[in-house]
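Summary of structural features
Below, each chain spelled out in residue letters.
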Amino acid sequence: MRRITLALLAAFALSACTTMPSQKIIDEVLEGAVSVADARYQEGAIPESAVLLNAVRRIDAKYPGVADLQAKLGPMEDQVTNRGRLGINRRLRAREGGNPLFRLIMYAPDRVFDLLDLVTLDVHFGPGVFADVHVTRRIQAAAGLRAIMGLGAHDQRSIGLRNLSETGVSALTFGTQTVAGTTIGTSGVHTGAESMAGLHSPRNSIYQDFRDFWAIGVSVTAGLAGAELDIHPIQLFDFVGGILLLDFARDDFGTTRGLNFSSVENDLLQNLAEIERARLWEGRRQVAAVVEPEPAPAEPESAPEPESAPEPESAPEPESAPEE
């Protein structure tokens, strides 16, 4: 009961914030999340506990209770939450041995889903001017800014809505970029945020949580509308591997299960993502404030030249003596 109360208080506190929440509110959210994660561990829901704890660690790895719970989870936390270089292509699902008969029944449907994962498509609306062409994020050209809401088939087998705020300039594997977004659809709620300057890497959090680093595609926003199309080569390898009973993407229904979160826990995960996003934008504003040049001080006015001393008046000439 206590964990649910803490979680509800945390969710209510954060929902009232439209900007960077206070440290008090952040602590309430973190305390509630650690309490819930520990309770799920006690229940034996190890994967769910690991995901909740990882969300806390991304905000404050030294928060009280994090280290103790991490020690209890051991390598399981890394197995569930570490997507490695595959990034978002590896799902947040728990592996199970699977009943042999059930695996046989799901073999054909799993291959169909693997094939459908090859392409994602989004039609969106919202203000912006943005263009992005990429053959993976190693070879890309992107520039612009936008704030959009889209509908379509997105990464992580999500058919539904996605909102996205993005700005930056990238060429090849280098660039400066700030991206934040949330996908709400058939696979649940997924949120990602990242601000980067320099080398794009599949281990950047945006490619771990929200976008496929290895995708080949194009995205355009012009004025108030646009579209995005991506092809996912990693999913092709997963499809071929699936034929041989290898599940690289950890997404086969015959051998994995989805994570079971209550509505309160989903709210907590969303709140933690919002805090992470708020800190991202706050840091971005602070960097901008630091690099903005200060106005040059006005040159001091030159001291007025001293007035020249008045010339002394000449003494009057003496009058000449009168002639006799």
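Preceding this section is the structure that the text describes.
Attention here is on the structure that accompanies the text. If you're wondering where the values come from, they're calculated on a predicted model, not measured in any experiment. (Residues numbered from 1 in each chain as written. Predicted model: local features only at pLDDT ≥ 70, side-chain atom pairs only at ≥ 80, totals over all residues. Heavy atoms only, no water.)

A sheet is described by the order of its strands in space; here six strands give the open sequence β6-β5-β4-β3-β2-β7, paired in antiparallel fashion. Whereas interior strands pair on both sides, the edge strands pair on one side only; in this sheet they are β6 (188-199) and β7 (216-231). The mean angle between the axes of side-by-side strands here comes to 20 degrees, regardless of whether they run parallel or antiparallel. Sheet topology note: the strand β4 (residues 158-171)/strand β5 (residues 174-185) ladder contains twelve bridges and is antiparallel. Its bridge partner lying in β5, A171 is registered against F174. (Pairing = 2+ DSSP bridges. Helix = DSSP H or I, 4+ residues; strand = E, 2+ residues; numbered from the N terminus. Axes fitted to C-alpha atoms, helices over the stretch in contact; angles between N-to-C directions.)

The two faces of a sheet get side chains in turn, since along a regular strand they alternate between them. Where strand β3 (residues 139-154) lies against β4, 14 bridges are found, and the strand directions are antiparallel. By the bridge assignment, R146 is partnered in β4 with E166. Two successive antiparallel strands, β3 and β4, enclose a turn made up of three residues, where Q156 displays a positive phi of approximately 65 degrees.

Our focus in this paragraph is a nonpolar patch on the surface. A cluster of nonpolar side chains, contributed by V119, L121, V133, V135, I139, L172, I216, V218, V220, L229 and I231, occupies part of the molecular surface with about 900 Å² of accessible area. Of all the secondary-structure elements, those providing two or more residues to the nonpolar patch are β2 (119-135) and β7. For the nonpolar patch, the element with the highest residue contribution is β7, accounting for five residues. As for its position among the elements, V218 is in strand β7. (Patch = residues over 30% accessible without salt bridge, like charges linked within 9 Å, V, L, I, M, F, W, Y side chains within 5 Å. Areas by Shrake-Rupley, 256 points an atom, 1.4 Å probe, with all protein chains shown as cover. Salt bridge = Lys/Arg side-chain N within 4 Å of Asp/Glu carboxyl O.)

This part covers helix α3 (residues 46-57). Compared with an ideal rise of 1.5 Å per residue, which puts twelve residues at 16 Å, α3 spans 16 Å between its outermost C-alpha atoms and is within 8% of the ideal. A large share of α3 lies buried, amounting to ten of its twelve residues. The complete set of buried residues in α3 reads P47, E48, S49, A50, V51, L52, L53, N54, A55 and V56. (Expected span 1.5 Å × (residues − 1). Buried < 20%, exposed > 50% of the residue type's maximum accessible area, 1.4 Å probe, protein only.)

The final tally for this structure, using the stated rule, is three aromatic pairs. Ring geometry for F113 against F253: centres 5.4 Å apart, planes inclined by 70 degrees, an arrangement best described as edge-to-face. With a gap of 140 residues between them, F113 in helix α6 (residues 100-116) and F253 in the loop between α8 (233-243) and β8 (256-258) connect regions that are remote in the sequence. Given the relative accessible area of 35%, F113 is considered partly exposed. Judged by centre distance (4.8 Å) and plane angle (80 degrees), the ring pair of F213 and W214 falls under edge-to-face. Taken individually, F213 and W214 each receive the classification buried, so the pair is uniform in this respect. Taken together, Y207, F213 and W214 form an aromatic cluster joined through their ring pairs. (Phe/Tyr/Trp six-rings, centres within 6.5 Å; stacked < 30°, edge-to-face > 60°.)

Our focus in this paragraph is the layout of surface pockets. Each pocket or cavity is described by its volume, and for the largest pocket that value is around 1,300 Å³. If you go around the largest pocket, you meet 47 residues; those closest to its centre are R83, L92, Q156, S187 and H190. Mapped by element, the contributors of at least two residues to the lining of the largest pocket are α3, α6, β2, β3, β4, β6, α7 (205-209) and α9 (263-291). In the lining of the largest pocket, the residues fall into 17 nonpolar, 20 polar and ten charged. (1 Å grid on protein atoms, 1.4 Å probe; cavity = no way out; pocket = protein on both sides within 12 Å on 5 of 7 lines; lining within 4 Å. Points joined across faces, edges and corners; volume = space filled by probe spheres on them. Nonpolar A, V, L, I, M, F, W, Y, C, P; charged D, E, K, R; others polar.)

Note that all results are geometric; they support no functional claim without further evidence.
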